[in-house]
Amino acid sequence: MAAWLLKAVTCIDLTTLSGDDTASNIQRLCYKAKYPIREDLLKALNMHDKGVTTAAVCVYPARVCDAVRALKAAGCDIPVASVATGFPAAQTHLKTRLEEIRLAVEDGATEIDVVINRTLVLTGQWKALYDEIRQFRKACGEAHLKTILATGELGSLTNVYKASMIAMMAGSDFIKTSTGKETVNATFPVAIVMLRAIRDFFWKTGNKVGFKPAGGIRSAKDSLVWLSLIKEELGDEWMKPELFRIGASTLLADIERQIYHHVTGRYAAYHDLPMS
């Protein structure tokens, strides 16, 4: 179990998307991304020299500079992901959404989590959705494009499948379930639809697109279920941070708590583990 939990850690986009984010809590987030599990626990598992870090840190565009600065000071090359395109509602003008991508990339974000305009899906404007995501792709430049479908607001599983395929056809490196701000976020039925769209797309094109569930994934047990789902639906090739991410803010704390229990046989008190 510990090995699977450490695998989950390496696939986490450690996230803070709060209105009260400041440079100091971004700095703390970045430090936790570099040192996600207490070193004595990693030593007990003989994993202290394996470079276990989270996959990325994910922040608002205005906080990208803080994250880049903090990670540089920590001496690590963990990627900075930025949400963009009017996150979470995507109800701002297209010109503004595209500029937000460009500014985040200029500030040092190497991954951009864009959110689609759900109106285009709900009204069947599939060509317009494709064209919009193509513009997002162009604005990202060399940065990876992770396209958030906000599946809880798409109306049907058929729409989820169609939106998934269009996002991949338009050049997305990842498709992501949710912003974490919808009423319904990452669910397993939606995930299976998205994963089978990824598989269909791979069979048709030979291109591997990544998958990122996000929203409401808080327990170590949840992370194991998600890893199992990836393994069963897409295979071992997808079980790496290049093709699988978990968007989460509190998940890491529970994983560290479970690893503490695995090593010591007891659960940690609050003061035993650093805050994530």
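An unreviewed UniProt entry lists the protein chain under the name deoxyribose-phosphate aldolase, from Bos indicus.

Q: How should helix H9 (residues 188-205) be read in this particular structure?
A: Along an α-helix, residues three or four apart share an orientation, since each turn contains 3.6 residues. Given a rise of 1.5 Å per residue, 18 residues ought to cover 26 Å, and the 25 Å separating the end C-alpha atoms of H9 matches this to within 8%. Listed in full, the buried residues belonging to H9 are Val 190, Ala 191, Val 193, Met 194, Leu 195, Ala 197, Ile 198, Asp 200 and Phe 201. Looking at the buried side of H9, the elements it contacts are helix H8 (157-169), strand E6 (174-176), strand E7 (210-212) and helix H10 (220-233). Just past H9, the residue Gly 206 takes up positive phi, approximately 80°.

Q: In this structure, what is going on with the environment of Leu 145? I would like to understand it.
A: By the element assignment, Leu 145 lies in strand E5 (residues 144-148). Between the C-alpha atom of Leu 145 and that of Arg 134, which follows or precedes it by 11 residues, the distance is 10 Å. Look past the residues within four positions of Leu 145 in its chain and what remains in contact with it is Ile 112, Val 114, Ile 133, Phe 136, Arg 137, Cys 140, Gly 171, Ser 172, Asp 173 and Phe 174.

Q: Would you mind showing me how to read the pairing of E5 here?
A: Looking along a regular strand, one sees the side chains alternate between the two faces of the sheet. Among the five residues in E5, four count as buried, and that is most of the element. With five bridges connecting them, strand E4 (residues 111-115) and E5 associate as parallel partners. Bridge pairing in E5 links Val 115 to Ile 148. When E5 meets E6, the two strands line up parallel, connected through three bridges. Residue Ile 148 lies in a different strand from E6, and its bridge partner there is Lys 176. On the question of chirality, the crossover connecting E5 to the parallel E6 by way of H8 is right-handed.

Q: What is the right way to read the packing of aromatic side chains from this model?
A: Aromatic ring pairs: the centre-centre distance and the angle between the two ring planes describe each pair. Here the structure, examined in full by the defined rule, presents five aromatic pairs. Centroid distance Tyr 60 to Phe 87: 6.0 Å. Interplanar angle 75°. Geometry classified as edge-to-face. Here Tyr 60 is found in the loop between strand E2 (56-59) and helix H4 (64-73), whereas its partner Phe 87 is found in the loop between strand E3 (80-83) and helix H5 (94-106), with 27 residues between them in sequence. Taken together, a centroid distance of 5.6 Å and an interplanar angle of 85° make the contact between Phe 202 and Trp 238 edge-to-face.

Definitions and cut-offs
Residues numbered from 1 in each chain as written. Predicted model: local features only at pLDDT ≥ 70, side-chain atom pairs only at ≥ 80, totals over all residues. Heavy atoms only, no water. Helix = DSSP H or I, 4+ residues; strand = E, 2+ residues; numbered from the N terminus. Expected span 1.5 Å × (residues − 1). Buried < 20%, exposed > 50% of the residue type's maximum accessible area, 1.4 Å probe, protein only. Contact = heavy atoms within 4.5 Å. Pairing = 2+ DSSP bridges. Right-handed = clockwise from strand over helix to strand, strands pointing away. Phe/Tyr/Trp six-rings, centres within 6.5 Å; stacked < 30°, edge-to-face > 60°.

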